[in-house]
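Listed below are the residues making up each chain.
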Amino acid sequence: MRSVKKIQAGILLLITTFFWGVTFTIVKDAVNQVDVFVFLSQRFLIASAIMLPLALARASRLNPRLLVNGCVLGILLFASYAFQTMALQYTSASNTGFLTGLNVVLVPLFGALLFRLPAGPGIRWGVGLAAPGLFLLCGNGSLSFNYGDILAAVCGGCVALHLLYTSHFSRQATSDVYLLTTLQLTVVGLLSLATATVRGKEVFVWHPELLWTLVVCVLIATIFAFLVQTTMQKFISPAHTALIFCTEPVFAAAYAYYAAGERLGFFGVTGAALILAGMIVSELLPDEGKEGEEVAAVTAEG
């Protein structure tokens, strides 16, 4: 039963990553028209407003632990967006994409340090293939580093911690995935609102040209995506989740080719192939650490 749940979780997380990759192009167009924190405020506040009645209707009771967990996830998720946005002001999109994607390396490392999660051969080989794949896909075979790269690396660390704590919190017996998802979306929306206000930007302004972008991002890339992530990480390890999420730039590149005629070139195609190979290898190789990982995850709940 556990293996069936893991396969289902992997498929749903891959579908989620596909949607994130496809919406990358339309989000990029949106933030060229409005301030990024204005867009994030509208996206996450609308999503939380839709989710809140559903979450409260399903919740048996509210407990302080769940509220704290939701706030932690929201802060980590907002920090990921904020550091990525700041990084893009000082470094290239390719460097940012590569260094953010290095969370695939940081997840097993942080997981071992924080939760004593072992990494079996499947994870090690998967990471070993995906990391150079990210370098080739995002950097086209060459990167030059600067101050913005430090910010991008911090973003990658925040993404890794968000993945680990999503898995940890969602496995707790008292956890309600609907409320946990709603809380983190609300925190991201409120922090984005505060940031936009400090920057002197008006948030509650109607932008008709962004209507369909918001509809797609709110319903699919936010509500559906984060609800799936929070729910499915009960059944699949953070390291496997990180490897699946590595395919986001692959889907983004494929959609950019379809929608805008952008081509990858030799390095990009090779990188995409390595990322996909890493994900497949991580699933096919026998994972000696799997049983210990599940025990460690359950032990960490206490």
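Residues numbered from 1 in each chain as written. Predicted model: local features only at pLDDT ≥ 70, side-chain atom pairs only at ≥ 80, totals over all residues. Heavy atoms only, no water.

As recorded by an unreviewed UniProt entry, the chain carries the name Membrane protein and is attributed to Geoanaerobacter pelophilus. Under Subcellular location (unreviewed entry), UniProt gives the following word-for-word description of the chain: "Cell membrane". (UniProt positions renumbered as here; feature names shortened; annotations may be inferred.)

Caption draft 1: View of the overall build of the chain. Regarding its fold elements, the chain presents 13 helices and zero strands. When the elements of the chain are put in sequence order from the N terminus, they spell out α-α-α-α-α-α-α-α-α-α-α-α-α. Partitioning the contacts of the chain with sequence separation of at least 6, the portion at a separation of at least 24 is 92%. A total of about 14000 Å² of accessible surface is found on the chain, and carbon and sulfur atoms cover 69% of it. (Helix = DSSP H or I, 4+ residues; strand = E, 2+ residues; numbered from the N terminus. Contact = heavy atoms within 4.5 Å. Areas by Shrake-Rupley, 256 points an atom, 1.4 Å probe, with all protein chains shown as cover.)

Caption draft 2: Geometry of the environment of F267. On the secondary structure map, F267 appears in helix α12 (residues 265-284). With 132 residues separating them along the chain, F267 and F135 place their C-alpha atoms 9.1 Å apart.

Caption draft 3: Molecular detail of the side chain of T85. If you trace the backbone, T85 turns up in helix α3 (residues 64-90). For T85, a relative accessible area of 16% puts it in the buried group. A distance of 2.8 Å separates a polar atom in the side chain of T85 from the backbone oxygen of Y81. With sequence-adjacent residues up to four places away left out, T85 is seen in contact with V36 and F37. (Buried < 20%, exposed > 50% of the residue type's maximum accessible area, 1.4 Å probe, protein only. Polar contact = N/O pair within 3.5 Å; in protein donor to acceptor, adjacent residues only side chain to side chain.)

Caption draft 4: Region of interest: the packing of helix α2 (residues 36-58) against α3. Here α2 crosses α3 at 155°, and the two axes come no closer than 11 Å. Classed by the angle they form, the pair α2 and α3 counts as roughly antiparallel. Along this stretch, α2 crosses α3, giving a crossing that reads as right-handed. When α2 is examined against α3, the residues V36, F37, L40, R43 and F44 are found in contact with a partner set consisting of L77, F78, Y81, A82 and T85. Looking at the contact of α2 with α3, its residues break down into eight nonpolar, one polar and one charged. (Axes fitted to C-alpha atoms, helices over the stretch in contact; angles between N-to-C directions. Parallel < 35°, antiparallel > 145°, perpendicular 65-115°, else oblique. Left-handed = near helix turned anticlockwise from the far one by under 90°. Nonpolar A, V, L, I, M, F, W, Y, C, P; charged D, E, K, R; others polar.)

Caption draft 5: A look at helix α7 (residues 147-170). Along its 24 residues, α7 runs 35 Å from first to last C-alpha, staying within 8% of the 34 Å computed at 1.5 Å per residue. Counting buried positions over the 24 residues of α7 gives 18, a clear majority of the element. (Expected span 1.5 Å × (residues − 1).)

Caption draft 6: Examining the nonpolar core more closely. Counting 57 residues, the largest nonpolar core has L13, F37, F44, V104, V107, L134 and F226 as the members making the most contacts within it. Those residues in contact with F37 that lie beyond four places of it in its chain are F78, A82, T85, S192, T195, A196 and R199. Grouped together as the second largest cluster of nonpolar side chains are eight residues, A59, L73, F169 and L180 included. (Core = buried A, V, L, I, M, F, W, Y, C linked by side-chain atoms within 4.5 Å.)

Caption draft 7: Expanded view of the environment of A273. Inspection of the secondary structure assignment puts A273 in helix α12. With relative accessibility at 43%, the residue A273 sits in the partly exposed group. Sequence spacing of A273 and V250 is 23 residues, and the spatial spacing of their C-alpha atoms is 8.8 Å.

Caption draft 8: A look at helix α8 (residues 177-198). Given a rise of 1.5 Å per residue, 22 residues ought to cover 32 Å, and the 32 Å separating the end C-alpha atoms of α8 matches this to within 8%. With a side-chain oxygen positioned 3.0 Å from the backbone nitrogen of Y178, the residue opening α8 is D176.

Caption draft 9: Broad picture of the packing of α2 against helix α9 (residues 211-232). One way to put it is that α2 packs onto α9 with a least axis distance of 9 Å and a crossing angle of 60°. Classified by the angle between their axes, α2 and α9 sit oblique to one another. Classified by chirality, the crossing of α9 by α2 is right-handed. Side by side, α2 and α9 meet where F39, Q42, R43, F44, I46, A47, I50 and M51 of the first sit next to T213, L214, C217, V218, L219, A221, T222, I223, F226 and L227 of the second. Tallied by class, residues from the contact of α2 with α9 come to 14 nonpolar, three polar and one charged.

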